[in-house]
Amino acid sequence: MPNLLNHFICQMKFRIITSFLLFIMALEANAQPILWNIKNIDGIKSNTSSKLYKQIIQKADKYVGAEFIDITKKSRQFIDDTHYYVSLATYYWPDTTRNDGKYVLRDGYINPEREKYDRVKLYDLCDRLTYLSLAFYMERQDKYYDEFIKLLKGWFCDSNTYVYPNLEYAQIVPGFNKNRGNRMGLIEARSYNDILESIRLVNMTRSLDRSIMASVKWWFYEFSRWLIESKLGLEEDNAIDNHGTSYDLILLNIAQFTNQKELASRITDNFYQRRLATQIAEDGSMHEELKRTNSLSYSILNLSFIIDFCIIQQNMGVSYYDQKKWIIDRAISFLQGYLSNGRAWPYSQLWSIDWEKKRLSYEVNRLLRIDSSNTNKNVFRIELNSEYNMLK
């Protein structure tokens, strides 16, 4: 298979020329995080003796000088070109009834073999950029900034370690589809939401070098085109569950980052009919999520994507939650009807229900950022006391 890096470099030269003005106009856009709650972050910053502050600095210090994340160094792979992001389908396991290497679905049971592929590197990148950006914002030390820039260059810019802006080989199911990715793998792009937030936070603290920012913006612009134009992207766009919501969310976030206003408007205009009206039933249940073995977890996950979407809309100047709260609150009420009133969850749920109760309260409380009327919702307030809820 020909190495596609030269092809992408040629594309980069062409699109940088044609889109140069777009990037320059957007370089200083989104000067502060959108999904991350800057008030929460400032609250941590103002209390240097707190446990959270110390945890952030300790983690950031651990990442300074840590072994470089190199996508091209793979322990396992399905394709010779190592610049592709490659991951294993989360819930697929070797079929022990066969000897041909094919895998079979065991929904809700995570195959630990997935940690041997690139998924762990993307999650590691996201975690490092998150804590380095927070530490730099709080302490303004160059060591955090320099490490942050090194990671950005390695993943998005350097021709030796650069990752292709696509997910063609995400969540491969061995033995199927010629060992190519499937559309469900696109949900792994949600890690890029936090990566974009970390870039915004650092750029808010010190303007990033324009050449690096332009390269990163180009990468995300190319990724957005792949999401829109590729076979897998088109399939995920048509998903009628949390995958469709996640697809719109990352695409909207990228559109904001790269100043693609028409794309952002199109996603906004279609979101109610294609996501909310399709996914949320009259009783508030999300019927596609209820089919899962972890139906509560996936219902709350989809709700979290919807809330993130509303928060980005608020940043765009659109009070989307106010406009559609009647149907979003319907979904919240359905979940609270069980979790806040002591009723047993009647659908399949393998993972801890107590943890999901906390997640639901956390997600509903996030709506306070965009609609103070939600104070009358029957949920307990989660205090800012853990890494899980410190950002949003």
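Criteria and cut-off values
Residues numbered from 1 in each chain as written. Predicted model: local features only at pLDDT ≥ 70, side-chain atom pairs only at ≥ 80, totals over all residues. Heavy atoms only, no water. Helix = DSSP H or I, 4+ residues; strand = E, 2+ residues; numbered from the N terminus. Buried < 20%, exposed > 50% of the residue type's maximum accessible area, 1.4 Å probe, protein only. Contact = heavy atoms within 4.5 Å. pLDDT = per-residue confidence, 0-100. Phe/Tyr/Trp six-rings, centres within 6.5 Å; stacked < 30°, edge-to-face > 60°. Lys NZ or Arg CZ within 6 Å of the ring centre and 35° of its normal. Axes fitted to C-alpha atoms, helices over the stretch in contact; angles between N-to-C directions. Parallel < 35°, antiparallel > 145°, perpendicular 65-115°, else oblique. Left-handed = near helix turned anticlockwise from the far one by under 90°. Nonpolar A, V, L, I, M, F, W, Y, C, P; charged D, E, K, R; others polar. Patch = residues over 30% accessible without salt bridge, like charges linked within 9 Å, V, L, I, M, F, W, Y side chains within 5 Å. Areas by Shrake-Rupley, 256 points an atom, 1.4 Å probe, with all protein chains shown as cover. Salt bridge = Lys/Arg side-chain N within 4 Å of Asp/Glu carboxyl O.

1. Quick look at the overall build of the protein chain
Turning to step 1, where the next piece is worked out: Looking only at helices and strands, one finds 13 helices and four strands in the protein chain.
Turning to step 2, where the next piece is worked out: The 392 residues of the protein chain split such that 56% are buried.
Turning to step 3, where the next piece is worked out: Long-range contacts, defined here as pairs at least 24 residues apart, represent 75% of the contacts in the protein chain between residues at least 6 apart.

2. Some thoughts on unusual backbone geometry
Turning to step 1, where the next piece is worked out: Its identity as a non-glycine residue notwithstanding, R140 has a phi of 60 degrees, on the positive side.
Turning to step 2, where the next piece is worked out: In this fold, R140 is placed in the loop between α4 (119-139) and α5 (142-157).
Turning to step 3, where the next piece is worked out: Classification of R140 as partly exposed rests on a relative accessible area of 43%.
Turning to step 4, where the next piece is worked out: The backbone phi angle of N259 is positive, close to 65 degrees, even though this residue is not glycine.
Turning to step 5, where the next piece is worked out: Checked against the element boundaries, N259 lands in the loop between α9 (242-257) and α10 (261-279).
Turning to step 6, where the next piece is worked out: Its relative accessible area of 21% is what places N259 among the partly exposed residues.

3. Some remarks on the confidence of the model for the protein chain
Turning to step 1, where the next piece is worked out: With 88% of its residues at a pLDDT of at least 70, the protein chain reaches an overall mean of 90.
Turning to step 2, where the next piece is worked out: Contacts from residues 378-384, a stretch scored under 50 in pLDDT, to residues over four places away or in other chains number 23 contacts.

4. Section: the packing of aromatic side chains
Turning to step 1, where the next piece is worked out: In this structure the tally under the stated criterion is 24 aromatic pairs.
Turning to step 2, where the next piece is worked out: Ring geometry for F156 and F220: centres 5.3 Å apart, planes at 40 degrees, overall tilted. On the criterion of sequence distance, the pair formed by F156 in helix α5 and F220 in helix α7 (residues 210-229) is long-range, its members being 64 residues apart. The residues F156 and F220 share a single accessibility class, namely buried.
Turning to step 3, where the next piece is worked out: Feature note: the residues F156, Y192, W219, F220, F223, W226 and F257 constitute an aromatic cluster, connected by ring pairs.
Turning to step 4, where the next piece is worked out: Between K45 and the ring centre of Y137, over which it is positioned, the NZ or CZ distance is 4.4 Å.
Turning to step 5, where the next piece is worked out: Note that K102 overlies the ring of F176, its terminal NZ or CZ placed 5.2 Å from the centroid.

5. Looking at the packing of α5 against helix α6 (residues 191-205)
Turning to step 1, where the next piece is worked out: Running from N to C, α5 and α6 point in directions that differ by 135 degrees, and their axes come no closer than 12 Å. Judged on the interaxial angle alone, α6 and α5 are oblique. The interaxial crossing formed by α5 with α6 has left-handed handedness. Contacts from Y145, F148, L152, W155 and F156 in α5 reach Y192, I195, S198, I199 and V202 in α6.
Turning to step 2, where the next piece is worked out: Classifying every residue of the contact of α5 with α6 by side-chain character gives nine nonpolar, one polar and no charged.

6. A few points about a nonpolar patch on the surface
Turning to step 1, where the next piece is worked out: A cluster of nonpolar side chains, Y109, I110, L350 and W351, forms an exposed patch at the surface whose accessible area comes to about 360 Å².
Turning to step 2, where the next piece is worked out: Secondary-structure assignment places L350 in the loop between α12 (320-339) and α13 (353-366).

7. Let's talk about the environment of L122
Turning to step 1, where the next piece is worked out: In this structure, L122 sits in helix α4.
Turning to step 2, where the next piece is worked out: A relative accessible area of 0% places L122 in the buried class.
Turning to step 3, where the next piece is worked out: The sequence separation of L122 and Y85 amounts to 37 residues, and the corresponding C-alpha distance is 8.8 Å.
Turning to step 4, where the next piece is worked out: The contact partners of L122, leaving out residues within four places of it in the chain, are Y85, W155, E188, S191, Y192 and I195.

8. Points about the side chain of S191
Turning to step 1, where the next piece is worked out: Looking at where S191 falls in the secondary structure, it is placed in helix α6.
Turning to step 2, where the next piece is worked out: The contacts of S191, once residues within four sequence positions are left out, are L122, Y123 and C126.

9. Overview of the packing of α6 against α9
For any two helices packed against each other, one specifies the inter-axial angle together with the distance between the axes.
Turning to step 1, where the next piece is worked out: The N-to-C vectors of α6 and α9 enclose an angle of 25 degrees; their axes lie 10 Å apart at closest approach. With respect to their mutual orientation, α6 and α9 come out roughly parallel. For the crossing formed where α6 meets α9, the hand is left-handed. Residues Y192, N193, L196, I199 and R200 of α6 pack against L249, I250, N253, I254, Q256 and F257 of α9.
Turning to step 2, where the next piece is worked out: Partitioning the contact of α6 with α9 into residue classes produces seven nonpolar, three polar and one charged.

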